[in-house]
Each structure stands twice: as structure tokens, then as C-alpha cells.
Amino acid sequence: MLKNYFKIAFRNILKFKIYSLINIIGLAVSISACILISLWVMDELSYDRFNKNADRIYRPCISGRMSNREISSATGPAPLGETLRRDLPEVESYTRIWASNSSEVVIRSAGKVFNEKHFLSVDSSFFEVFTGEFIKGNPKTALISPKTVVLTESTARKYFGSENPIGKILNVNKNCDYMVTGIIKDFPTESHFHFDILGSLSSLGGSRNPYWGNINCYTYILLKNGTNKIELQKKINNELRKYFGPQLKAASGFSLEQFEAEGNRYRFFLESLTSIHLHSHLDYEIEANGNISYVYIFSCIALAILLIACINFINLSTARSERRATEVGIRKTLGSHKPQIAGQFIIESILTSLISVIISIGIVEFLIPLFNNIADKHITFNLLNNIYTLPLIISFAVVIGLAAGSYPAFYLSSFQPVQVLKSSIRKTGRKSALRSSLVIFQFTISIILIVGTFVIYNQLKYIREKDLGFNKEQVLVIDKTYDVGDIESFRNALSKNPNIIGISNSTAIPGKLENKGNFNLKGTPNLSVESMDEMNCDYEFQKTYRMNMVKGRFFSKEHSSDTISVVLNESAAKVFNITKLDGAYLVDSGRQPAYQIIGIIKDFNFSSLHEAIRPLVIFPYRSKSFGEFLSVRTKPGNYANTLSFLQNTWKKYAGDEAMDYSFLDQKLQHLYLTDQRTSKIALIFSALAILIACLGLLGLVAFITEQRTKEIGIRKVLGASVPEIMVLLSKELTKWVLVANIIAWPLAYYLMSNWLKNFAYRINITLWVFFLSGLLALLIALLTMSVHAIKAATANPVKSLKYE
């Protein structure tokens, strides 16, 4: 019997070609989109879960308040991990990743030079906490000795080919030789940090700094099974009071209680490893993380696409009910019962869904490389990789078939034979009301997606065009200037080129600032110490970047005393409540003597616009000091000749060292790559949802136009013009879109306002976005409707009157 049901179902699918084709295409495209989005979401949710102890790994982070300023940091003090392992039985092991040294280094081996972007210094216990599959070497001893490194498999192959790398020497930044002691398989990409080389942290002296007030490394702790996170957090903060209290008292003369009585706060909280990628957006994250809001957005888009396709199915199935009413009446007259007829329609729906799923699998296989390229992912889709995949997809098809086909099935099977055979069924209005509601729902979703697309586009445009407090155009940044022996001679040689109009050497540039220190004003209690970002630069930094001074001046060669002076940004000046510069001195806990504050520079964004501008202290270089970056401002045009001159001059002073350079504007854009990629994906799938809605509307309008063929013919005979016929057919559609706008606007505003909260600097959602979105939705609807409406309005009325 079931076989016969499927034969009849297949024959009926072929019978209603246009409607079946629209349903199959709509479902196939929507299921493909859902599969792709599901793969992306699963990839995002899988970050760091490859670690065998992922559920027991936590990162202690800082939250606090200093001088009425909230602070949060992914980094912590150097002694934290060892102290917790020693004092708290719940902590099984720990490891640190050093935050103060750049992950970008120059490595030399056997006469070859490489710029490595992912070099991390870690404790020898790294592989006790994180999972790494060793190919060569011992995970317990590989990083115990200073000046040792562990390479990933692909990195080892790059340096040594098929040779055994163990015992080989790598020179790092010309000043230190490291011995290779281990090779591991490449670290998974689904990690919130990445590396190609791990160096022993014991090589760095700063890793032994005992002061709990310096937050300069990432600490990860491995907890024992059954540990209560809340109770442990309390114990960790007790440890903070135990060790930081006496240090604060010795340094400032104030107790921790007095420190807190002034409204200050310094606390630890625990972040689970698996929550970092999507939920953590603290200061000084080791890498840019993802965002859980994008997971929610994409999940909603996938659901919206699927709902739109199902609504198309319901609408088209109920719309053609008159054509199938006679079939139902005859079958009931011949003895068929309602469950049998409903079952037949449901099988048709499931069969349509199964055909759509088969097509969608082919679409996904074809699009997955393109999707990976857009999303910067390494997602794979193979039905044979997992025994559950195929049954899951088939089950999904059945569920979709049931969801989309149940109402039409029970609606059609409910027709009474007498009413059907007397043709009185067409006068019922219930199905028309349902179709109207479903079309309004479709347009509500479409308008929300259009508003979201406009908001995302405008926010990213705002990011690109916002005044950052400096001029980012025509600035080329040369990295690792320590490769140049005589930096001053190199600068002088560059300045002779007329196309170069500004040169500055610094330890940081916008988009890359890593150092921080503890400061307070001279003459104020040591209790008012503030943790702030800091950098060093030469006298030309402000001019090269075209920054503006708010008070005072920048460093100058004309003032010899500037070697013991500082410049603050507006945020730092606000923290210290500085209104006058006369007699204002800054005390750095790590330096002597006090530094005179000679100027306040206008706030500039040196990090992502996701973050508010933080307080910054700028120090001058002392004699013959140099930083990691050389910023070169050039005149517009003639870039090829200028770049060639820079490279030739570099070779003259740096020998065979490769010049690692980038353009500042492009470097800053990298801060928003995640936003740009996800917004592009959102735009594509939003357009897809609207297209599927239009596809369903096209089929529905075709039916409605066909249904009103005689009416249109009579109106034309009575003198109605083509525009009047068009208005008649579009009147109801316009009403649907207007109602959809009323529903969609507040929902869209709420959703996009929440998304914009991810940015410290963001646009305001203006009314024109909603009006334009509503108008666009109406135009799309009218254009879709016009395909059949124009054909019906221009048809020969004689043929129309002969219809039926």
C-alpha cells in the first residue's frame, strides 16, 4: 500500500509542475542554506573542544575598578598559576602564555630567514593543560630548559624538510639561539589562540616577576574533577588578598582595605576554555574572538529561510485546493477515509522534501569551497564521515515534509464530497485568511533581514570612515626594525626621498599595542595607582600620524629635558583629573625618576572600535633607543617607485633580512575581518531568504491571477485600463506589505540595537533605514507580482471570458 501511495504522490508532483517546481527549488535552496549555516555554527561552537580536558580548563581573568574606571583584562599576574597550583588542591596544573613579547619574530636557520607570525612563549606544563599530539620529543620535558622550542609538523617541514629536527638550532631575532626539542602535529584551527612555534617561557626574565599588580600573561588552570567553580573563585580571590595585600602595603603604605574603601576593586573571575571564543571580549585578548551574537543571528536567518520555504509550500498547497477538491470528493465518494487522504497528501509533502534534500546535498557539495573562502573556515561536508549524518538528514527531510505538509493535508482531506461536487468550496474564506497571514509573516521576516543588512552595512562603513584621531592613509609600516643596525642612518637615508614626508620609530602602532604599566601622579597617595597602556616613540610620531594636541606639546629635540617627560592621551588625563600641566608629574612604578607631563594628545583609536579608547602614557625614546615599528608616510601616487626605494635602502642597512612591511589602513582593516566576513555571509543568506519569499509569492500570484481570469476579462470589457487592472491586483499585496512593516520595524530595531552593542563606537539607527527597507520590500513584491499581473491585464478579454 505504501508503495502505491508513493506512486500516486510522485504522479501528483509531476501533475502540478509549476507549483511542485517552486516548492522543490525553494525547499532545496533553503535546506542548503540551513546545512551551510549549521556547519558554520557547529564549527564556531567547537572551538577549543579538541582538548581532552576542555571542560576542566579555565582562564582566571581580571575585573575591577580603578579611579571610577571599570577595567577588565584577559591577562593576569605572573605568579598566579604557580601560587594556585601550590596552595589550592583543586588546581591540578597550570600554564602561562606570555603576553608582553610579540608573537611575530624573525627566525634564521641554515642560511634561511623566515618571518614567523605565531611564536608563543609558554610554560613547560603547557601540554599538561592543552592537548598536543607529539610526533617527536617528550611533552613532559620538551620545554623545561631555557632556550628550547617545540615546532608544529608543517613548520618543522618548512625549516628542515625530511631531516630530523630534534637538536637543531633556530636563531630568534638575531639575539638568541633556541634548540628544537619536540615536534607536534599542527594545532587545530578551532582554537582561540594559534601557534607555529612554542618557546620555553623560562627564557624570559619577566616571567619570574613576583608582583601581583602587573598583569602581563595569560594563565590557564586545569581543575580536578568535581571542582566547584564558584567556591574556587572565592578561594582565588582570597589568594589575591593574601599576596597582593602585603605587596600593595609595601609599595604604597596603604592596606588593601583602604584601597577598596576608595572605591577601587581588583578581582579574579574564571572563564571556561570553551566559552572564550564566543563569549569573551576583554581587554588584551590573545587573539580576536568570535561573537555569540553572530551564532544567534545566523541561526535565526537559517530558521527564517526554512520557515519561508515551508510557508511557500503551505500557501501553494492550499491555493491549489480548488483543483484538488474534486479529487478529494471523488475519493471520499468511492470510500476513502479522511486519514487515508491526509496520509496521501503528507506522503506527497515528504516526497517533495526528500527530492529537495537530495538536490540540496549536491548544492552544498558544490558551494562548500566558496563558503569556506568567504567565511575563512575549513569546514568539510561528507555524508560518509559520520554514520549519523545521513539518517539525520533523512529525518530532517521527513520533519520538514510533515511541518510543511500537515496543515494542507488535513485541510484538503476535510472537504465534504457534497460541497465539493457542487463547487461550493471556493467561497470559503478561511484559506484566504491563512494565506494572507502567512504572506505577511514572510514579508515581516524579509523586512527584518533588509533592515539588518542596511544596519550592518552602515556600521561597517562607519568603521571604515570614522575619524580615528590620526591619518591612516599613505602610511607604510616596517616591522622588526631591530634588523637594521643603525636606525638613525637608515632614517636619514629614507628622508632623502622627496616622496617620503614623515618617518617615526615606535614600540607600538595603531592596531598593535601590547605594553602596560602602573602609574600615579606625583604628590598623590600611592593608593591611586592606575594600570594603563604605554608605548615609546620618537619626536616625529605625532607629526607623522598627524595627531592633534589638546594641551601642551609633543616631544621635541629642542627640549633636552624631554627625555624624562611623558605625554598622556585625553582618557589618561581624565583618569588623573588633570586640568593644568604646570607642575604635573607622573610616577611609574617601574621607572625612576618622576616624569613631567608636557602634553595631552587628543584621544585616538589604537585598538578595534569594538573597544572604548583606553588611557595611554607615551614615553620618548632615550638616546640610541629604537622600537619595533618604523612608520613611513608617503605622498599619494608613485607607490611602486617609493616602495622599491624603501626595499633597496633596507637591503643596504639590513643585509639579507626580509623587509616585513604592511600598509596601515590595511592592517587596521584586519581588526574587523570577522565582522566583514560574517556580515558578507549574513547579506548572502538574507538575500537568499528574500529570493525564496519572492519565489513563493510568484507562484501564489500566478494562482490568484489565474483564479481571477474571468473577473479581469469582464473588467476589461467594461472599460478598465491596464493600470487599473494592475492596481486591482496589487491592492491586497500592498496591504500585506504595510502590515508586515508595522510588525517588522520594532522587532528589527530591537535585534539590531543589541547587535550594535558589540561596538563601543556605533551608528544610530535612523528612520530612513526602516522607510527604505519597507519601500524596497514593497517594490520587490510588486515586481514579483507584475510578472503575472501584466500578462493577465494585457490578455485578450475574449479568451479570458471563455476561461473555464
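Residues numbered from 1 in each chain as written. Predicted model: local features only at pLDDT ≥ 70, side-chain atom pairs only at ≥ 80, totals over all residues. Heavy atoms only, no water.

Asks: Could you clarify how one ought to interpret the packing of aromatic side chains in this entry?
Replies: To describe a pair of aromatic rings, one takes the distance between the centres and the angle between the planes. Scanning the entire structure with this criterion turns up 37 aromatic pairs. Ring geometry for F244 against Y266: centres 5.0 Å apart, planes inclined by 65°, an arrangement best described as edge-to-face. With a gap of 22 residues between them, F244 in helix 6 (residues 229-252) and Y266 in strand 13 (residues 265-272) connect regions that are remote in the sequence. According to the relative accessible area criterion, F244 is buried, its value standing at 5%. Members of the aromatic cluster, connected to one another through ring pairs, are F50, F126, F127, F130, F134, F187, F193, F195 and Y220. Lying across the ring of Y761, K466 places its NZ or CZ 4.8 Å from the centre. (Phe/Tyr/Trp six-rings, centres within 6.5 Å; stacked < 30°, edge-to-face > 60°. Helix = DSSP H or I, 4+ residues; strand = E, 2+ residues; numbered from the N terminus. Buried < 20%, exposed > 50% of the residue type's maximum accessible area, 1.4 Å probe, protein only. Lys NZ or Arg CZ within 6 Å of the ring centre and 35° of its normal.)

Asks: Just to check I follow, could you spell out the side chain of E239 for this structure?
Replies: Relative to the helices and strands, E239 is located in helix 6. No salt bridge forms around the buried E239; measuring N to O, its nearest opposite-charge neighbour K242 is 4.5 Å away. Setting aside chain neighbours within four positions, we find E239 in contact with T83, L84, D87, L88 and W212. (Lys, Arg positive; Asp, Glu negative; His and termini not counted. Salt bridge = Lys/Arg side-chain N within 4 Å of Asp/Glu carboxyl O. Contact = heavy atoms within 4.5 Å.)

Asks: What am I meant to see in the pairing of strand 10 (residues 176-184) here?
Replies: On a regular strand, each side chain points to the face opposite its neighbour's, so the side chains alternate between the two faces of the sheet. Buried residues dominate strand 10, accounting for seven of its nine residues. Bridging between strand 7 (residues 134-136) and strand 10 involves two bridges; their strand directions are antiparallel. Note that in strand 10 the partner of F134 across the bridge is I184. Sheet topology note: the strand 8 (residues 148-152)/strand 10 ladder contains five bridges and is parallel. The residue bridging V149 from the neighbouring strand is V180, located in strand 10. (Pairing = 2+ DSSP bridges.)

Asks: Just to check I follow, could you spell out unusual backbone geometry for this structure?
Replies: Glycine aside, negative phi is the norm for most residues, and most peptide bonds take the trans geometry. Within the chain, D376 stands out as a residue other than glycine whose phi angle is a positive 55°. The residue D376 is located in the loop between helix 11 (338-375) and helix 12 (389-413) in this model. Backbone geometry at N638 places phi at a positive 55°, although glycine is not the residue there. In this structure, N638 sits in the loop between strand 23 (629-634) and helix 18 (639-654). Exposure remark for N638: the relative accessible area of 40% places this residue in the partly exposed category.

Asks: Would you mind showing me how to read the pattern of salt bridges here?
Replies: A side chain of one charge can pair with a side chain of the opposite charge when the charged atoms of the two come close. Within the structure shown, the criterion is met by 24 salt bridges. Taking the shortest distance from any N to any O, the salt bridge between E92 and R56 comes out at 3.2 Å. With a gap of 36 residues between them, E92 in strand 3 (residues 91-98) and R56 in the loop between helix 2 (17-45) and strand 1 (57-66) connect regions that are remote in the sequence. What makes R56 buried here is its relative accessible area of 17%. The salt bridge involving E116 is made with K158; its shortest N-O contact spans 2.6 Å.

Asks: Looking at this structure, how should I read helix 5 (residues 153-160)?
Replies: Along an α-helix, residues three or four apart share an orientation, since each turn contains 3.6 residues. Among the residues of helix 5, those classed as buried are T155, A156, Y159 and F160. Projected onto a plane normal to the axis of helix 5, the buried residues spread over an arc of 105° and lie on a single side. Check the buried side of helix 5 and you find it contacts strand 4 (105-109), strand 5 (112-116), strand 8, strand 9 (169-172), strand 10 and strand 11 (197-200). (Arc of directions from axis to C-beta.)

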